[in-house]
Amino acid sequence: MENLKQIPESKKCEQAKYEYIKSSYAGMFEVLQSLRQDEVFCDIKLKTDDKKIIFAHKVVLASASPYFHAMFTHFSERNHDVVVMKQLDSTALQVLVNFIYTGKIVITEENVRDLLSAANLLQLQEVKEACCNFLQSQLCSTNCLSINAIADLHSCTELLTSSELYIHQHFSEAADGDEFLSLSSEEVIKLISSDKLIVPSEEKVFESVIRWVKHELGTRKCILPQLMKHVRLPLASKHYILKKVVEEPLINNCLISKDYIIEALYCHLLKSEELIPQNIRTKRRFRDKVILVVGGESINEILINRTEWYDPKMNQWNFEPEMATSRHKISLAVVKDNLVFSVGGSNEHGEPLRSVDVLDLSSESPRWKPSVDMLVDREGPGVGVVNDNLYAVGGLSRNEGPPNSAEVFDYNTQKWRMISRMSTGRVKFGVGVLNNLLYAVGGFDYETSLSLDTVECYDPSHDTWTPVAEMCVPRCDVGVGVLDGILYAVGGYDGFEVQSSAETYRPSTGIWTSIADMHLSRENPGVVALDGLLYVVGGSDGLDHLYSAECYNPKTNTWTMVTASLNFPRTLAGVVAIDRPRHFKTC
């Protein structure tokens, strides 16, 4: 007989078990839905105000809805086979019961409000969130006020926040709609008193108040003084107050409102903002930042004298005053928060300029005006501001030697003076100000005809330049910006190709570190920090001038394209971030 391998006998006979988990309950719920539709085993009838009857099973409803669970376990309805569902739309209730049995629901503009109300009552959180997500996706100027009211009524926290933000950002459009006219006086006051309201000018708030009052003049004209208390007339232009506000019949017939006009005109007479009375009407609303783009070169090397600005809240580019001098290869800087200086550059003949223009953003009728000329003509200088002193360094010059000279403008004395020269003659480079130090980054060295990876730092307190760590990549025509204490070098030309790469420098570590690449390769872009993001505007990809902009989020190390395009493709333009002036109005 053939030998067989002996199977060892178990030391102890253990009880066997095998666990099986059903992969889906869909089939079971299909049966339950079929039973419900055939009114089989149904032990509850839901009756609505319009006498419609919806059959169901208590145990199924209780398993999905805390409202039904409490009803069928703790209240008298547990012994009833008919329950009256007061103030519930029968169609919405039918849809929700179907959802409980099928897990499917279709939300539309026609049913979303009834569904949200019913889901909130029945504590169907999934449906409530789905309705809120749908309403949020539908937000627009014609419905944002009613959606906000719905969110408040049903305690939809996220929808309430997002709709409030939308209203603040699109007040002008919302106030022109019919929903605004239906607001209560309390709701209007809450809205126009908000510091977060974003309007092209305070004139729009005044016009909205007058429109609301006139809609139901008989009952609302007595509320006008309460509303005018929150209209910030001192922030409106003097011309508008005299031409529009003073001549408004409703104001003329209201003594209290006339007092607000006198207050506004008095504020306009005061020369210093420090003398203006501090109250709700003189307080500026949320001072949102915008990006100002000046000059530069467009298609076919045509110089641009139009100024434009970008509002990230509205995602829109808008035009502003023309420059006094058409120029490109300029540099921009902001002094004392409201003075934008356009420094140097070259004219239509390609000649470097000494001239400097300034735009006073606090002026009633701002326009570009000539300022004090530099001591040296400079094409493509690097500029920066330290303690309200404006520095201009490097750049190509006709009558200067190697492009390493530097000078500073003292705004108080209105004079330029020369400072220490850089160690390297730089053109096509970038400048950033970090910790009251001036950093000259990259550029092109005419002596060696090479793109530079070198960086040097100027200390105004010692009038000295000191080299710092070299970049990872040589970069001429580089964009430079500063965000949250970090210096950024973006794009540029390395001697072989236009770069999409970018890198950062932290003084604490003393080294450059590469970050994510941009979506597009860019040389001569404008770079500016705004609201925690680094914006890169325009430039050239080596073949075409660019209409586009993109922004970098340091928290995620990602770049996002700005969906709104510049009005002109621009390269070699000046770019800065400024507090949005009241005369900057959305097109």
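Remember, predicted model here, so these are calculated numbers, not experimental data.

Observations regarding the UniProt feature "domain: BTB" (unreviewed entry) in the protein chain
Part 1 of the reasoning: Following the UniProt record, one finds the feature "domain: BTB" (unreviewed entry) at residues 42-109.
Part 2 of the reasoning: Across residues 42-109 one finds 43% helix and 19% strand; the C-alpha atoms that close the span lie 32 Å apart.

Focus on the packing of helix α15 (residues 238-245) against helix α17 (residues 255-269)
Part 1 of the reasoning: Between α15 and α17, whose axes approach to 10 Å, the crossing angle comes to 155°. Viewed along their axes, α15 and α17 adopt a mutual orientation that is roughly antiparallel. The element α15 and its partner α17 pack so that their crossing is left-handed. Residue-level inspection shows Lys 238, Ile 241, Leu 242 and Val 245 of α15 in contact with α17, the latter providing Ile 261, Ala 264, Leu 265 and His 268.
Part 2 of the reasoning: For the contact of α15 with α17, a count of residues per class yields 6 nonpolar, 1 polar and 1 charged.

Thoughts on the pairing of strand β20 (residues 464-468)
Both faces of the sheet carry side chains from a regular strand, because those side chains alternate between them.
Part 1 of the reasoning: Judged from the 5 bridges that link them, strand β19 (residues 455-459) and β20 form a sheet pairing that is antiparallel. Paired with Val 455 across the strands is Val 468, a residue of β20.
Part 2 of the reasoning: Two successive antiparallel strands, β19 and β20, enclose a turn made up of 4 residues, where Asp 463 displays a positive phi of approximately 55°.

A short note on the pattern of salt bridges
Part 1 of the reasoning: Following the criterion strictly, the structure yields 15 salt bridges and no others.
Part 2 of the reasoning: Where Lys 214 meets Glu 248, a salt bridge forms, and the shortest distance between an N and an O atom there is 3.4 Å. One end of the pair, Lys 214, is in helix α12 (residues 202-215); the other, Glu 248, is in the loop between α15 and α16 (249-252), with 34 residues separating them in the sequence.
Part 3 of the reasoning: By relative accessible area, which is 46% here, Lys 214 ends up partly exposed.
Part 4 of the reasoning: Here Arg 281 makes a salt bridge to Glu 263, at a shortest N to O gap of 2.7 Å. Of this pair, Arg 281 sits in the loop between α17 and β4 (289-294) while Glu 263 sits in helix α17; the two residues are 18 residues apart in sequence, bridging distant segments of the chain. Here the two residues Arg 281 and Glu 263 agree in accessibility, since each one is buried.
Part 5 of the reasoning: When salt bridges with common partners are traced through the structure, they connect Asp 195, Arg 232 and Lys 283 into a single cluster.

Quick notes on a negative patch on the surface
Part 1 of the reasoning: A surface patch of negative charge is lined by Asp 49, Asp 50, Asp 89 and Asp 114.
Part 2 of the reasoning: On the secondary structure map, Asp 89 appears in the loop between β3 (82-85) and α4 (90-102).
Part 3 of the reasoning: Overall, the relative accessible area of 34% leaves Asp 89 in the partly exposed class.

The rules behind these values
- Residues numbered from 1 in each chain as written.
- Predicted model: local features only at pLDDT ≥ 70, side-chain atom pairs only at ≥ 80, totals over all residues.
- Heavy atoms only, no water.
- UniProt positions renumbered as here; feature names shortened; annotations may be inferred.
- Helix = DSSP H or I, 4+ residues; strand = E, 2+ residues; numbered from the N terminus.
- Axes fitted to C-alpha atoms, helices over the stretch in contact; angles between N-to-C directions.
- Parallel < 35°, antiparallel > 145°, perpendicular 65-115°, else oblique.
- Left-handed = near helix turned anticlockwise from the far one by under 90°.
- Contact = heavy atoms within 4.5 Å.
- Nonpolar A, V, L, I, M, F, W, Y, C, P; charged D, E, K, R; others polar.
- Pairing = 2+ DSSP bridges.
- Salt bridge = Lys/Arg side-chain N within 4 Å of Asp/Glu carboxyl O.
- Buried < 20%, exposed > 50% of the residue type's maximum accessible area, 1.4 Å probe, protein only.
- Patch = residues over 30% accessible without salt bridge, like charges linked within 9 Å, V, L, I, M, F, W, Y side chains within 5 Å.
- Areas by Shrake-Rupley, 256 points an atom, 1.4 Å probe, with all protein chains shown as cover.
- Lys, Arg positive; Asp, Glu negative; His and termini not counted.
- Charge placed at Lys NZ, Arg CZ, Asp CG, Glu CD.

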